[in-house]
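Below, each chain spelled out in residue letters.
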Amino acid sequence: MKIMKVIVSTSALFLVLAGITTQAAAQWSPIAPGRLMNPEDLVKLLQSSKQKPLMLQVGSHTLFVQAHISGSEYVGPGANEAGLQQLRKRVESLPRNKFILLYCGCCPWSHCPNVKPADDALHAMGFTNVKVLYIADNFGTDWVNKGYPTAKGE
Amino acid sequence: MRPQIKWAILLILAGASIAGFNSLRQHNPKSGAAGAKAQTLAPDFTLPQLDGTQLTLSSYRGKVVLLDFWATWCVPCREETPHFVEMQQKYGDRGLQMIGVSMDDSPDPVRAFYQQFHMNYPVVMGTASTGEAYGGVLGLPIAFLIDRDGRIVSRHMGATDPSVFDNDVEKLLSTR
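Chemist: I'm lost on the overall build of chain A in this one. Help?
Modeler: Assigned secondary structure in chain A consists of six helices and seven strands. Starting at the N terminus, the α and β elements of chain A follow one another as α-β-α-β-α-β-β-α-β-α-β-α-β. Counting every position in chain A, which comprises 154 residues, the buried fraction comes to 38%.

Chemist: Would you take a moment to explain the pairing of strand E6 (residues 130–133) of chain A for this structure?
Modeler: In summary, the side chains of a regular strand alternate between the two faces of the sheet. All names here are of chain A. Of the two faces of E6, both are covered, the one formed by Val130 and Val132 as well as the one formed by Lys131 and Leu133. When strand E1 (residues 36–37) meets E6, the two strands line up parallel, connected through two bridges. Among the inter-strand pairings, Met37 is bridged to a residue of E6, identified as Leu133. With three bridges connecting them, strand E5 (residues 100–103) and E6 associate as parallel partners.

Chemist: Honestly, helix H2 (residues 75–91) of chain B in this entry has me stumped. Any pointers?
Modeler: Helical periodicity: at 3.6 residues per turn, an α-helix aligns residues three or four positions apart in one direction. All names here are of chain B. With 17 residues, H2 extends 25 Å between its outermost C-alpha atoms, agreeing within 8% with the 24 Å of an ideal straight helix rising 1.5 Å per residue. Buried residues of H2: Cys77, Glu80, Thr81, Phe84, Met87 and Tyr91, and no others. Where H2 is buried, its residues touch strand E4 (64–70), strand E5 (96–102) and helix H5 (162–173).

Chemist: I'm lost on the nonpolar core in this one. Help?
Modeler: For soluble globular proteins, nonpolar side chains are generally found buried alongside one another. Ranked by internal contacts, the top residues of the largest apolar core, which has 75 residues, are Leu102(A), Tyr103(A), Leu66(B), Leu140(B) and Ile146(B). Considering each element in turn, this core owes the most residues, six residues, to E4(B). Leaving out residues up to four positions away in the same chain, Tyr103(A) has contacts with Met55(A), Gln57(A), Ile69(A), Val132(A), Leu133(A) and Ile135(A).

Chemist: Just checking my understanding: could you explain unusual backbone geometry for this structure?
Modeler: Among all residues save glycine, negative phi is the norm, and among peptide bonds the norm is trans. All names here are of chain B. With an omega of -5°, the peptide bond running from Leu140 to Pro141 counts as cis. Despite not being glycine, His118 shows a phi value in the positive range, around 50°. If you trace the backbone, His118 turns up in the loop between helix H3 (107–116) and strand E6 (123–125).

Chemist: How do you make sense of the pairing of E5(A) when you look at a structure like this?
Modeler: Neither face of E5(A) is open: one carries Ile100(A) and Leu102(A), the other Leu101(A) and Tyr103(A), and all of them are buried. The parallel pair E5(A) and E6(A), bridged by helix H5 (residues 115–124) of chain A, forms a crossover whose chirality is right-handed.

Chemist: Please clarify how the sheet that holds strand E4 (residues 73–74) of chain A should be interpreted in this entry.
Modeler: Each strand in a sheet pairs with its neighbour through backbone hydrogen bonds, running either in the same direction (parallel) or in the opposite one (antiparallel). All names here are of chain A. The strand order across the open sheet built from five strands is E1-E6-E5-E2-E4, with neighbouring strands paired in parallel fashion. Because the sheet does not close on itself, it has two edges, and the strands there are E1 and E4. Together, E5 and E6 form the strand contacts of H5, whose direction differs from that of E6 by roughly 175°.

Chemist: Help me understand the confidence of the model for chain B in this model?
Modeler: Low-pLDDT stretches of the model should not have their predicted coordinates read in fine detail. All names here are of chain B. Of the residues in chain B, 77% reach a pLDDT of 70 or more, and the chain-wide mean stands at 85. Low confidence marks residues 17–29, where pLDDT is under 50. Its contacts with residues over four positions away, or in another chain, come to 22 contacts. Counted against residues more than four places away or in other chains, residues 33–37, with its pLDDT under 50, gives nine contacts. Under the prediction, the complex receives an ipTM of 0.73, its pTM being 0.78.

Chemist: Hey, could you run me through the packing of H2(B) against H5(B) in this one?
Modeler: Two quantities define a packed helix pair, namely the angle between the axes and the distance from one axis to the other. Residue and element names in this part refer to chain B. One can describe the packing of H2 onto H5 by two numbers: an axis separation of 11 Å at closest approach and a directional angle of 25°. Taken together, H2 and H5 sit at an angle that is classed as roughly parallel. Of the two elements, H2 crosses H5, and the hand of that crossing is right-handed. Contact with H2, carried on its side by His83, Met87 and Tyr91, involves Pro162, Phe165, Val169 and Leu173 of H5 and no other residues of that element.

Chemist: Could you clarify how one ought to interpret the confidence of the model for chain A in this entry?
Modeler: Per-chain confidence: chain A averages 87 in pLDDT, with 81% of residues scoring 70 or above. In the predicted structure, residues 17–27 of chain A sits below a pLDDT of 50 and forms 13 contacts with residues beyond four places in sequence or in another chain.

Chemist: Looking at this structure, I do not really get the environment of Asp166(B). What am I missing?
Modeler: You can see Asp166(B) is positioned in helix H5. For Asp166(B), a count of 15 C-beta atoms within 10 Å gives the class partly exposed.

Chemist: It is not clear to me how the packing of helix H4 (residues 81–91) of chain A against H5(A) should be interpreted in this structure. Could you clarify?
Modeler: Residue and element names in this part refer to chain A. In contact at an axis separation of 10 Å, H4 and H5 are set at 40° when each is read in the N-to-C sense. When the axis of H4 is compared with that of H5, the two are oblique. Crossing angle aside, the handedness with which H4 passes H5 is right-handed. Within the contact between the two elements, H4 uses Leu84, Leu87, Arg88 and Val91 and H5 uses Pro117, Ala118, Ala121 and Leu122. Class assignment of the residues belonging to the contact of H4 with H5 gives a composition of seven nonpolar, no polar and one charged.

Rules of the game
- Residues numbered from 1 in each chain as written.
- Chains lettered and ligands numbered in written order.
- Predicted model: local features only at pLDDT ≥ 70, side-chain atom pairs only at ≥ 80, totals over all residues.
- Helix = DSSP H or I, 4+ residues; strand = E, 2+ residues; numbered from the N terminus.
- Buried ≥ 20, exposed ≤ 12 C-beta atoms within 10 Å, placed from the backbone.
- Pairing = 2+ DSSP bridges.
- Expected span 1.5 Å × (residues − 1).
- Contact = placed C-beta atoms within 7 Å.
- Core = buried A, V, L, I, M, F, W, Y, C linked by C-beta atoms within 7 Å.
- Right-handed = clockwise from strand over helix to strand, strands pointing away.
- Axes fitted to C-alpha atoms, helices over the stretch in contact; angles between N-to-C directions.
- pLDDT = per-residue confidence, 0-100.
- Parallel < 35°, antiparallel > 145°, perpendicular 65-115°, else oblique.
- Left-handed = near helix turned anticlockwise from the far one by under 90°.
- Nonpolar A, V, L, I, M, F, W, Y, C, P; charged D, E, K, R; others polar.

Put into structure tokens, the structure is as follows:
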């Protein structure tokens, strides 16, 4: 009977821990959840008459040329200083409450090297209305393949 | 069966399922032939290598080619590179040729990476049109396994378990 109790309690503990790590993996984000935007919400926003954000791709140019969100601009990878400088240059003259949306989609969300530094750079400049597009796997899977508005080229 | 034993088994199974799901969430490669224009001829290309010389994919006909689209800033790509180096060493004599297609915007970081990771296989600088020819490289890494006749056998999207590559390559090398 004692052995059974130990088995049951160990299993219950394992179950709880597995649940917690699953939750944590699903929710982990380098950006505060309140400032994330889901692709489907962005599509709705773009189709509405509401104010549109300035959409900036902060990843790879090669990927941008293949496909990007219609109406978005390429500014350079947030992972390196040259990309960040281009980003700063692009936004320096804008009012600090300008609605800006950053996105990348080069890699799975938890591995993206670009969005966090770009987001940090905008915050350091005093921008207060910055959102980041939550792309779970990559831009192909989570945007293009879903038929969302996509453009090619520069 | 005693009720406690039943509960214990149920809990263990549930825990294992959740742990397995958790593991899948964090390691979510999409592998296989289905979505990859499998068994079609791999689009040919001629692209510059890091030393400036040109590499033509079709010149490797007769070898099994593992074509890896990657970038230096891509964390899962960095994690896969040491295994690809090992694979080239292990299977090269039997006819495997690893080829890296860097999707970096400039070759400078690629050269540094090549040295740092002691890469032992050619790397070319990819372009948007190369990516488009392969169905759109809109997330990294993506690897295509190409048989000796130049046909795409499988596509592996996202970080892929090394054993998957080993098994696939072993199978292809043992044909012919």
